[in-house]
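Here is what each chain is made of, one letter per residue.
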Amino acid sequence: MEFRVLAIGDVTSEEGTAHLRRHLPGFKKMKGVDFTVINGENISGTGLTPQQADDLFAAGADVITLGNHTWGKMQITDYLEENRYILRPANFSPRTPGRGYGVYDLGRVQVAVMVLIGRCDLAWGSDNPFTTADRLLKAGDKPTFTLVDFHAQATSEKLAMAYYLDGRVSALWGTHTHVPTADERVFPQGTGYITDLGMTGAVESVLGIRPDQSVESFLGGLPGRYRPAEGPCKAQGALFTLDSATGLCTAVERVDIR
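The shown structure was predicted, so the numbers you read here are calculated from the model rather than taken from an experiment. Each residue is numbered by its place in its chain's sequence as written, counting from 1. A pLDDT threshold of at least 70 governs which residues receive local features in this predicted model, and a stricter bar of 80 or more applies before side-chain atom pairs are shown or counted, although totals over entire chains, interfaces and linings include all residues. Values reported for side chains reflect all heavy atoms of the structure, with hydrogen atoms and water molecules removed beforehand.

## Describing the overall build of the protein chain
- Helix and strand labels come from DSSP, where a helix needs a run of H or I of at least four residues and a strand needs a run of E of at least two; each type is numbered from the N terminus. When helices and strands are counted, the protein chain shows 6 helices and 14 strands.
- Taken over the C-alpha trace, the protein chain has a radius of gyration of 17 Å; the compact-globule value for 258 residues is 18 Å, and the two agree within 12%.
- Buried, partly exposed and exposed residues are distinguished by accessible area as a fraction of the type maximum, computed with a 1.4 Å probe on protein chains only: under 20%, between the cut-offs, and over 50%, respectively. By residue count, 54% of the 258 residues in the protein chain fall in the buried class.
- For this analysis, residues touch if any pair of their heavy atoms sits within 4.5 Å. Of all intrachain contacts in the protein chain linking residues separated by at least 6 positions in sequence, the fraction that spans at least 24 positions is 62%.
- Working definition of accessibility: Shrake-Rupley area with a 1.4 Å probe, residue cover restricted to the visible protein chains. By element, 51% of the accessible surface of the protein chain is carried by carbon and sulfur atoms, the whole surface being about 11,100 Å².
- Counting rule applied: Lys, Arg positive; Asp, Glu negative; His and chain ends not counted. Just so you know, the charge point we use is NZ for Lys, CZ for Arg, CG for Asp and CD for Glu. When the 25 basic and 30 acidic side-chain charges of the protein chain are each reduced to a single mean position, those positions are 1 Å apart. Throughout, the radius of gyration refers to the C-alpha atoms, and the reference size of a globule is 2.2 Å times the residue count to the power 0.38.

Next up, the structure:
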């Protein structure tokens, strides 16, 4: 049986969420999407509120993933404890609220989602993401599919993780850099992969923020608090076709919804 997973890159504003609300239902129907994972950590610029998380679920997310801006809005902490469908990186300290791994029973299949954060250039004192993945993959019963959102800066770290987990997970995608990569593929042992999904937000922007503010910061000025760009939006990501008989990937397609 084919099972289709849609992964959507970092949502950078509430306008990005509204774009998903308008266009995601039709796209999912057209492509036969069974399960949707959306990275939502940038809806407030840095972090998201419980209301913004609820809005993202209403727009079509089955699971929301987070990254280095997990704690950008501290009111999310209780929500992370209460809602098992929103995940922060699993290799954060175990003292932090929430969880980084979830298994979701859809009746005919079980889908596991794991979130990891990279250590290259993100300057986080997180646990090793490679050994964290090993530990989580050995724990409990094996689900039909295992999906990994690797929130990392370095493309080399993401690619190395894909080789390390090839054949052990169904799909692995990168988030964080907000720029889609053109390297979608199925790895030799059957893991679907793309280095970065891209972002969801204003087309005319610099990684989701107003271009004039970004330019001013590079000129050495004082751009002020970053504000999300306005105007027509895009939603970027990837569509993974998985095989329930093997738990592995058979095809990967880049997505750009405008």
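## Concerning the pairing of strand β3 (residues 35-39)
- Summarising burial for β3: 5 of the 5 residues are buried, a large majority.
- Burial of the side chains of β3 extends over both faces: Phe35, Val37 and Asn39 are buried on one face and Thr36 and Ile38 on the other.
- Sheet analysis places strand β1 (residues 2-8) next to β3, joined by 4 bridges and oriented parallel. Note that in β3 the partner of valine 5 across the bridge is phenylalanine 35.
- The rule for pairing is simple: two strands pair if DSSP sees at least two bridges between them. In the sheet, β3 pairs with strand β4 (residues 63-65) via 3 bridges, with the strands oriented parallel.

## Describing the UniProt feature "binding site: Fe cation 2" (unreviewed entry) in the protein chain
- UniProt positions are given in the numbering used here, feature names are shortened, and annotations may be inferred rather than shown by experiment. According to UniProt, the feature "binding site: Fe cation 2" (unreviewed entry) maps to Glu41, Asn68, His151 and His176 in the numbering used here. Spatial clustering of the annotated residues is evident: they stretch over 136 residues in sequence, but the largest pairwise C-alpha distance comes to 10.6 Å. Restricting the annotated residues just mentioned to those that line the largest pocket leaves Glu41, Asn68, His151 and His176.
- Among the structural elements, glutamate 41 can be located in the loop between β3 and α2 (50-59). Definitions used for this entry: grid spacing 1 Å over protein atoms alone; cavity, a set of points where a 1.4 Å probe fits but cannot get out; pocket, an open set with protein on both sides within 12 Å along at least 5 of 7 lines; lining residue, one with an atom within 4 Å of a point.

## With respect to the pattern of salt bridges
- Only one rule defines a salt bridge in this text: a Lys or Arg side-chain nitrogen within 4 Å of an Asp or Glu carboxyl oxygen. Under the criterion given, the structure shown has 7 salt bridges.
- Note that arginine 168 and aspartate 134 form a salt bridge whose closest N and O atoms lie 2.8 Å from each other. Placement of arginine 168 in the loop between α5 (155-165) and β9 (171-175) and of aspartate 134 in helix α4 (residues 129-138) is noted, with a sequence separation of 34 residues between them.
- A salt bridge links glutamate 184 to arginine 254; its shortest N-O distance comes to 2.9 Å. With a gap of 70 residues between them, glutamate 184 in the loop between β9 and β10 (185-186) and arginine 254 in strand β14 (residues 248-257) connect regions that are remote in the sequence.
- We classify glutamate 184 as partly exposed; its relative accessible area is 25%.

## A look at α4
- Listed in full, the buried residues belonging to α4 are Pro129, Thr132, Ala133, Asp134 and Leu136.
- Of the surrounding elements, those touching the buried residues of α4 are β6 (101-105), β7 (110-117), β8 (145-151) and α5.
- In this structure asparagine 128 caps α4, since a side-chain oxygen of it lies 2.8 Å from the backbone nitrogen of phenylalanine 130.
- Looking one or two residues past α4, glycine 140 carries a phi angle of roughly 75 degrees, positive in sign. Counting of polar contacts relies on pairs of N or O atoms within 3.5 Å, with two restrictions inside protein: one atom must be capable of donating a hydrogen and the other of accepting it, and residues adjacent in sequence are counted only when both atoms are side-chain atoms.

## Quick word on the environment of glycine 100
- Mapped onto the fold, glycine 100 is located in the loop between β5 (86-87) and β6.
- The spacing of glycine 100 and glycine 167 is 67 residues in sequence and 21 Å in space, taken between C-alpha atoms.
- Contacts of glycine 100, omitting those with residues within four sequence positions, involve Leu87, Arg88, Pro89, Ala90, Val113, Met114 and Val115.

## Observations regarding the sheet that holds β9
- On the basis of which strands lie adjacent, the open sheet formed by 6 strands has the order β6-β7-β8-β9-β11-β10 and mixed pairing. Single-partner strands in this sheet number two, and they are β6 and β10.
- Note: β8 against β9, 5 bridges, orientation parallel. Considered in β9, the bridge of valine 148 is made with leucine 172.
- Here, axes are lines fitted to C-alpha atoms. For helices the fit covers the stretch in contact, and angles between N-to-C directions go from 0 to 180 degrees. In the packing of α5 onto the sheet, contacts are made with β7, β8, β9, β10 and β11 (192-194), and the angle to β9 comes to roughly 170 degrees.

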